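# Structure assessment
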Amino acid sequence: MDDASNDNTEEIARKFHNKNVVYIRHNCNKGGGAARNAGIIASNGEYIAFLDDDDEWLNDKLEKQIETIKTLSSEWGGIYCGFYRITGKKSKAVEVFKKGNLKTEV
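Described below are features of the structure shown in this document. (Residues numbered from 1 in each chain as written. Predicted model: local features only at pLDDT ≥ 70, side-chain atom pairs only at ≥ 80, totals over all residues. Heavy atoms only, no water.)

### Comments concerning the overall build of the protein
Regarding its fold elements, the protein presents three helices and two strands. Going from the N terminus to the C terminus, the protein shows its helices and strands as α-α-α-β-β. In the protein, which comprises 106 residues, the proportion classed as buried is 8%. Sequence-distant contacts in the protein: of pairs separated by 6 or more residues, those separated by 24 or more amount to 26%. Total accessible area on the protein stands at roughly 9500 Å², and carbon and sulfur atoms take up 50% of it. (Helix = DSSP H or I, 4+ residues; strand = E, 2+ residues; numbered from the N terminus. Buried < 20%, exposed > 50% of the residue type's maximum accessible area, 1.4 Å probe, protein only. Contact = heavy atoms within 4.5 Å. Areas by Shrake-Rupley, 256 points an atom, 1.4 Å probe, with all protein chains shown as cover.)

### Topic: unusual backbone geometry
Phi at Ala 4 is positive, roughly 60°, even though this residue is not glycine. Mapped onto the fold, Ala 4 is located in the segment before helix 1 (9-13).

### Focus: a negative patch on the surface
A cluster of acidic side chains, namely Asp 7, Asp 53, Asp 54 and Asp 55, defines a negative patch on the protein surface. Relative to the helices and strands, Asp 55 is located in the loop between helix 2 (32-42) and helix 3 (61-69). (Patch = residues over 30% accessible without salt bridge, like charges linked within 9 Å, V, L, I, M, F, W, Y side chains within 5 Å. Salt bridge = Lys/Arg side-chain N within 4 Å of Asp/Glu carboxyl O. Lys, Arg positive; Asp, Glu negative; His and termini not counted. Charge placed at Lys NZ, Arg CZ, Asp CG, Glu CD.)

Below, the structure is given as structure tokens:
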């Protein structure tokens, strides 16, 4: 979901020749929440994952998350994960662990 970017996002996205990659663009910037909601509405897959333009995933991220989500209640599930904060040439691993009723968190 391209939220009216002014870079070459469309050009890059069009290079993916895969029926599972669909390029969608807002005509004006509506913010991250609106962009994610539009992407969710347009999706038809079993799972949804968000990858923002300033993020990079490790190769096995989705595989590990899907393995974990399959062990959760069939009612609903969500996965948190750690991340690396990279500033200049330095990187710092940050672990994120949440457990319990995530629906009640603010």
